[in-house]
Amino acid sequence: MLWTVKQTQTSLSYLNDVLAHFIIRSRSESKYFKKRLFPESFLKIHDDKRNNVREKFKTVFDEINKLGIKQRRKLICIYLNNQKVERLCLDKNFPRKNLSNFPNDLQTAIKKLGEYLYSSVLQQSCFTDLPNVNDTLRTHWTNYKNANGRICCFCGINKYTEQLANVETSKQLRPAFDHYLPKEKYPFASVNFNNLIPICDFCNGRRFKGSIDPCEYKKQTSTHAFYPFGSLAYGSLSYKVELNLNQIQGREEISDILDVKLSKPKDEQQCTWNHVFKVISRVKGHINECYGSWLQTDILTTPHNLEHLKKLLEDQGKANLRNRKNLESAFHKGFTYLKLSQLDDDSLEAIFDSIGYLPVPDNDKQLHDLLKSIDMV
């Protein structure tokens, strides 16, 4: 992660309370009595025939009812384990409990329930109109962005975007949240808002995070991962300008000028973050593809000498870092400009030359040398 984000409280977490109530009560009930299994305020939604709430819960209950006493206790332990998202991320010695040893029908029923609660019930007006729910997914998303900015904290490149509520059947866009611990593996955390965080489409795509578990990206091995709402993440990348001496002296075309690495390459949290989101390759490619257009737009709009250009780079670098949470690529642009402002004159001039910009000479000798270099004297 590039920066820590603040958690914004939401009354939508009531749905997770409903799930907890149901799972814990199901342990000791032999028949599906809704008044015992659910809080009274949720019964209106449970009985609403326009949705499938009763069907989804009833299927899970029937499968739990087939379990023995010991298995039911284990199920409660797994539920409680899956709620401890922060500890699962930060303590790799904390056990990761899942449903793999339970019957397939129960696993499927719980996963379908979790998916339905997240993708459907959270959006239903009958839920958001409850007296103890004064929020919607969109207002929660807006409150999060107001508190944390509009740029993805995992890559620093793209804005948060919306997605289709259901890719196959829906045409309506909804705020895009990522299940940081994937709901396929942690279905009991499907509507746990400690596990739901806005994320950009690229980071959440199949090529990058997708359904990867950041706590166990290495097979059969627990890993130490960032917890988005609590990890001290700022400074996870280091930036270094690397120019080939032959390129500078020969005025050859300069392409990749900036190298990007983890600031602590042996730190497991950083390594996990990079493995899951492919941050190093993405950021390095993005900077080296865009730095020329950035410079032409922000720095090289009017003729200046090198000293003034370095001051512009420094000022623009600091300004971009201040706006890193609200402007696309500002985090990486800021560090790029600061690194360029620290280069020696020859190296910086070579970079400007490679994109077709010639700094204004400081004196007559520099002007003569410049004209000589382009065969005008």
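Everything discussed here concerns the structure shown above.
It should be emphasised that the depicted structure is a prediction, and the values quoted were computed from it without experimental measurement. (Residues numbered from 1 in each chain as written. Predicted model: local features only at pLDDT ≥ 70, side-chain atom pairs only at ≥ 80, totals over all residues. Heavy atoms only, no water.)

Engineer: How should the pattern of salt bridges be read in this particular structure?
Structural biologist: Two side chains bearing opposite charge may form a pair once their charged atoms approach each other closely. As enumerated under the stated definition, the model contains 17 salt bridges in all. Here aspartate 47 ties to lysine 34 by a salt bridge, and the two come within 2.8 Å at their closest N and O atoms. A residue pair is termed long-range when its members are at least 10 positions apart, and aspartate 47 in helix α3 (residues 43-47) and lysine 34 in helix α2 (residues 34-37) qualify at 13 residues. Residue class for aspartate 47 comes out partly exposed when judged on its relative accessible area of 39%. The class of lysine 34 is partly exposed, set by a relative accessible area of 29%. Counted as one network, the salt bridges with shared partners bring together Lys185, Asp213 and Glu216. (Salt bridge = Lys/Arg side-chain N within 4 Å of Asp/Glu carboxyl O. Helix = DSSP H or I, 4+ residues; strand = E, 2+ residues; numbered from the N terminus. Buried < 20%, exposed > 50% of the residue type's maximum accessible area, 1.4 Å probe, protein only.)

Engineer: Just checking my understanding: could you explain the packing of aromatic side chains for this structure?
Structural biologist: One pair of aromatic rings is described through two measures. These are the centre distance and the angle between the planes. In the structure shown here, the tally under the stated rule is 16 aromatic pairs. Between the aromatic rings of tyrosine 79 and phenylalanine 188, the centroid separation amounts to 5.4 Å while the plane-to-plane angle is 75 degrees, which identifies the pairing as edge-to-face. Taken together, the positions of tyrosine 79 in helix α5 (residues 69-83) and phenylalanine 188 in the loop between β3 (177-179) and β4 (196-198) put the pair 109 residues apart, joining distant regions of the chain. Between phenylalanine 154 and tyrosine 180, the ring centres sit 5.9 Å apart and the planes meet at 25 degrees, which makes this aromatic pair stacked. Of this pair, phenylalanine 154 sits in the loop between α9 (137-148) and β1 (162-164) while tyrosine 180 sits in the loop between β3 and β4; the two residues are 26 residues apart in sequence, bridging distant segments of the chain. By relative accessible area, phenylalanine 154 is classed as buried at 0%. The structure contains a cluster of three or more aromatic residues connected by ring pairs, namely Phe22, Tyr32, Phe38, Phe42, Phe57 and Phe61. The cationic tip of lysine 145 hangs over the ring face of tryptophan 141; the distance from NZ or CZ to the ring centre is 3.8 Å. (Phe/Tyr/Trp six-rings, centres within 6.5 Å; stacked < 30°, edge-to-face > 60°. Lys NZ or Arg CZ within 6 Å of the ring centre and 35° of its normal.)

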